[in-house]
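Below, each chain spelled out in residue letters.
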Amino acid sequence: MKTAFILNGPNLNALGKREPGIYGGNTLAMIEADCAAAGAPLGLAIDFRQSNHEGDLVDWVHEAADKAVGIVLNAGAYTHTSIALHDAIRANAPLPVIEVHLSNIHAREAFRHKSMIAPVAVGMICGFGPLGYTLALQALAARL
Ligand code: CA2
């Protein structure tokens, strides 16, 4: 089986515990289980990770180039700020990165409208809650 990295950024460890009105009631562990179930029929094993540290996410993008066929990335708030993540993705092109967000970042505060990931991603899925992760896996599988 091929492996897809699914990388999650800061504060996503709190999913299901705070702000269910914005992010829903599912925990990250529930999303991981959904991804594993969705990946299997697509021929994708899932390596699912979360960190609150930008450098971890940068390291994992580089690691994915050796170990994975692509990345599903919810970079959390680093989406809007991280030139380092942008550069890491660019440095590992053409490794496909599918950007995902639980919320519709374009319907929220102006500072969330800009993504540093979008210019180096295959595409972005946002606003569909946890379903976005499984849609992203389908998009990745179709791309491969
Ligand atoms: O909608 C998304 O998936 C986001 O990537 C989530 C980030 C936010 O900064 C992005 O603009 C959009 C925030 C994740 C924080 O998750 C929390 C979960 C529970 C309680 C508080 C925050």
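Residues numbered from 1 in each chain as written. Predicted model: local features only at pLDDT ≥ 70, side-chain atom pairs only at ≥ 80, totals over all residues. Heavy atoms only, no water.

(A) Expanded view of the packing of aromatic side chains. Inspection of every chain in the model, using the stated rule, returns one aromatic pair. Measuring from ring centre to ring centre gives 6.4 Å for F48 and Y133, while their planes differ by 35°; the resulting arrangement is tilted. Residue F48 is located in strand β2 (residues 44-50), and its partner Y133 is located in helix α5 (residues 131-143); the two are separated by 85 residues in the primary sequence. Summarising the burial analysis for this pair, F48 and Y133 share the class buried. For the cation-ring pair, R49 lies above F5, with the distance from its terminal atom to the ring centre recorded as 4.5 Å. (Phe/Tyr/Trp six-rings, centres within 6.5 Å; stacked < 30°, edge-to-face > 60°. Helix = DSSP H or I, 4+ residues; strand = E, 2+ residues; numbered from the N terminus. Buried < 20%, exposed > 50% of the residue type's maximum accessible area, 1.4 Å probe, protein only. Lys NZ or Arg CZ within 6 Å of the ring centre and 35° of its normal.)

(B) Seen up close, the site of the ligand. Neighbouring residues of the ligand: 17 residues in total, closest N74, H80, L102, S103 and R112. Take N11: an N or O atom from its main chain is 3.4 Å from an oxygen atom of the ligand. At 3.4 Å, a backbone N or O of A77 approaches an oxygen atom of the ligand. The protein chains hide 93% of the 500 Å² of surface that the ligand would expose on its own. Grouping the constituent residues of the shell around the ligand by class yields eight nonpolar, six polar and three charged. (Near = heavy atom within 4 Å. Polar contact = N/O pair within 3.5 Å; in protein donor to acceptor, adjacent residues only side chain to side chain. Areas by Shrake-Rupley, 256 points an atom, 1.4 Å probe, with all protein chains shown as cover. Nonpolar A, V, L, I, M, F, W, Y, C, P; charged D, E, K, R; others polar.)

(C) Layout of unusual backbone geometry. Across the junction of A93 and P94, the peptide omega takes the value 10°, indicating a cis bond. Examined against the element boundaries, P94 turns out to sit in the loop between α4 (83-91) and β4 (97-101). At N11, a residue that is not glycine, the phi angle is positive and equals roughly 75°. Accessibility expressed as a relative area gives 56% for N11, which makes it exposed.

(D) Quick peek at the sheet that holds strand β5 (residues 123-126). The five strands lie next to each other as β2-β1-β3-β4-β5, forming an open sheet whose pairing is parallel. In this open sheet, the two edge strands, each paired with only one partner strand, are β2 and β5. For this sheet the average axis-to-axis angle between neighbouring strands, irrespective of direction, equals 20°. Across four bridges, the pairing between β4 and β5 is parallel. Within β5, the residue paired with V100 across the bridge is I125. Along the sheet face, helix α3 (residues 54-67) touches β1 (2-8), β2 and β3 (70-74) and points at about 175° away from the line of β1. Here α5 sits on the sheet and contacts β1, β2, β3, β4 and β5; the angle it forms with β3, its principal contact strand, is near 155°. (Pairing = 2+ DSSP bridges. Axes fitted to C-alpha atoms, helices over the stretch in contact; angles between N-to-C directions. Contact = heavy atoms within 4.5 Å.)

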